[in-house]
Amino acid sequence: MAEIPSLPQRAFVVSAQRRDELASAFQSGAESYDKIRPSYPDAALDFTVQHHPGTAVDIGCGSGIFTEQLAARCQEVTAVDPSQDMLSVLAKRLPEVRTVCAAGEATGLAENSFDLVTYAQAWHWVDHPKASAEAARLLHDRGWLTLLWNQLDVSIAWVHRLARIMHAGDVHRPELQPPLGPEFSKPEHGIWHWSMPLDFEEIIELTKSRSYYRKATATTQAKVEANLEWYWTEHLGHAPAEKVLVPYLTHAWRSRRRTRR
């Protein structure tokens, strides 16, 4: 039996300059991102809305993949993202949702106005102390902040190698607690395993949706695609059009805002 490689030892640790550089990859190309990125399992949504929030703000909402699921459960949802291109795709999907083009550290929204703040696939793109303070400012006392990630299940050896070739940068050890500010209580954790059927073309599209690929040179992009073709078709032995169940997991943390003094 092949040895399962160790998971990444670091999470949420990146310089502000590098974070901003990679995040800028999502200022364009929203439609291609929207077509390939998966939605979130119902159990993760249940975890997020367990306390029946009436008002929610989805920060770092991107093209609205999680926002759409949230809007089906909450009375009113506001969507915040620094990319107008992403918000334009969201607006087509959810014309009833208010959109705000802003960073998570400074949304410009009214204080003490939401029951729930969510970050789906986005907490690693913000300055954590500033984003925590802003989330706390937006929330009612005892409101909730929930952070979610979909990621390749790299506890499985062949998926771990696939993630490395793809340069999937949002893969974190599920047991590593994301950094939160003192405004929040110790977070509760949930994890759910599932699979996504993908063929080789979709693997390539998924790779193209990653910040590493988007910021890479054409030479590096071609090398990544060639490595993926070798790994998928020759090493793993899949036909290009074959649908393969690729193991994923969703992990989430929710934390309650402490009462204001």
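Right above here is the structure, for reference.
First, a word on scope: everything that follows refers to the structure included in this document.

About the cut-offs
- Residues numbered from 1 in each chain as written.
- Predicted model: local features only at pLDDT ≥ 70, side-chain atom pairs only at ≥ 80, totals over all residues.
- Heavy atoms only, no water.
- Helix = DSSP H or I, 4+ residues; strand = E, 2+ residues; numbered from the N terminus.
- Polar contact = N/O pair within 3.5 Å; in protein donor to acceptor, adjacent residues only side chain to side chain.
- Pairing = 2+ DSSP bridges.
- Axes fitted to C-alpha atoms, helices over the stretch in contact; angles between N-to-C directions.
- Contact = heavy atoms within 4.5 Å.
- Buried < 20%, exposed > 50% of the residue type's maximum accessible area, 1.4 Å probe, protein only.
- Left-handed = near helix turned anticlockwise from the far one by under 90°.
- Nonpolar A, V, L, I, M, F, W, Y, C, P; charged D, E, K, R; others polar.
- Core = buried A, V, L, I, M, F, W, Y, C linked by side-chain atoms within 4.5 Å.
- Disulfide = S-S within 2.5 Å.
- Expected span 1.5 Å × (residues − 1).
- Arc of directions from axis to C-beta.

## Some thoughts on the side chain of His-251
Part 1: Note that His-251 resides in strand 7 (residues 244-256).
Part 2: At 3.0 Å, the side chain of His-251 forms a polar contact with the side chain of Gln-151.

## Some thoughts on the sheet that holds strand 5 (residues 139-152)
Part 1: Taken in spatial order, the seven strands make up an open sheet running 3-2-1-4-5-7-6, and their pairing is mixed. The open sheet has two free edges, formed respectively by strand 3 (98-101) and strand 6 (188-198), since each of these has just one partner strand. Recorded for the sheet is a direction-independent mean angle of 20° between the axes of neighbouring strands.
Part 2: Across six bridges, the pairing between strand 4 (residues 114-120) and strand 5 is parallel. Bridge pairing in strand 5 links Val-117 to Leu-145.
Part 3: Across the face of the sheet, helix 5 (residues 84-93) comes into contact with strand 2 (76-81) and strand 3 while running at roughly 175° to strand 3.

## Some words on the pairing of strand 1 (residues 55-59)
Part 1: Extensive coverage of strand 1 is indicated by the burial of five of its five residues.
Part 2: Burial of strand 1 is two-sided: the residues Thr-55, Val-57 and Ile-59 facing one way and the residues Ala-56 and Asp-58 facing the other way are all buried.
Part 3: Examined bridge by bridge, strand 1 and strand 2 share five bridges and lie parallel to one another. Residue pairing across strands places Ala-56 opposite Val-77, the latter belonging to strand 2.

## Examining unusual backbone geometry
Part 1: For Gln-121, which is not a glycine, the phi torsion comes out positive at approximately 65°.
Part 2: Within the secondary structure layout, Gln-121 lies in the loop between strand 4 and helix 6 (128-138).
Part 3: Under the relative-accessibility criterion, Gln-121 is labelled buried at 9%.

## Some words on the environment of His-172
Part 1: Checked against the element boundaries, His-172 lands in the loop between helix 7 (157-166) and strand 6.
Part 2: For the pair formed by His-172 and His-251, sequence separation is 79 residues and the distance between their alpha carbons is 9.4 Å.

## Considerations on the pairing of strand 2
Part 1: In terms of burial, strand 2 is largely enclosed, as five of its six residues are buried.
Part 2: The pairing of strand 2 with strand 3 spans four bridges and is parallel. Opposite Asp-81, over in strand 3, you have Cys-101 as the bridge partner.

## Focus: the packing of helix 8 (residues 200-208) against helix 10 (residues 218-235)
Angle between the axes and distance between the axes are the two parameters that describe a pair of packed helices.
Part 1: Between helix 8 and helix 10, whose axes approach to 11 Å, the crossing angle comes to 145°. For the crossing formed where helix 8 meets helix 10, the hand is right-handed. Along the contact surface, helix 8 presents Phe-200, Ile-203, Ile-204, Thr-207 and Lys-208, while helix 10 presents Val-224, Glu-225, Leu-228, Glu-229 and Trp-232.
Part 2: In terms of residue class, the contact of helix 8 with helix 10 is built from six nonpolar, one polar and three charged.

## Examining the nonpolar core
Grouped burial of nonpolar side chains is what soluble globular proteins tend to show.
Part 1: Among the nonpolar cores identified, the biggest contains 25 residues, and Leu-152, Leu-162, Leu-228 and Val-246 are the most heavily contacted of them.
Part 2: Listing elements by their share of this core, those giving two or more residues are helix 7, strand 6, helix 8, helix 10 and strand 7.
Part 3: With five residues, the single largest contributor to this core is helix 7.
Part 4: Residues contacting Leu-162, with those up to four places away along its chain left out, are Ile-203, Leu-228, Tyr-231, Trp-232 and Val-246.
Part 5: By size, the runner-up hydrophobic cluster in this structure holds 22 residues, among which are Ala-102, Leu-109, Phe-114 and Phe-184.

## Details of the state of the cysteines
Here is the idea: a disulfide is a covalent bond, and it sits between the sulfur atoms of two cysteines.
Part 1: Within the structure shown, the criterion is met by zero disulfides.
Part 2: The closest cysteine sulfur to the non-disulfide-bonded Cys-61 is located on Cys-101, 9.3 Å from its own sulfur.
Part 3: Here Cys-61 falls in the buried class, since its relative accessible area comes to 8%.

## Details of helix 10
Part 1: The end-to-end C-alpha distance of helix 10, which contains 18 residues, comes to 24 Å, matching closely the 26 Å that a straight helix rising 1.5 Å per residue would cover.
Part 2: Listed as buried for helix 10 are Gln-221, Val-224, Leu-228, Tyr-231 and Trp-232. Along the axis of helix 10, the buried residues cluster in a sector spanning 95°; they form a single face. Of the exposed residues in helix 10, the ones pointing more than 90 degrees away from its buried face are Ala-218, Thr-219, Lys-223 and Glu-234.

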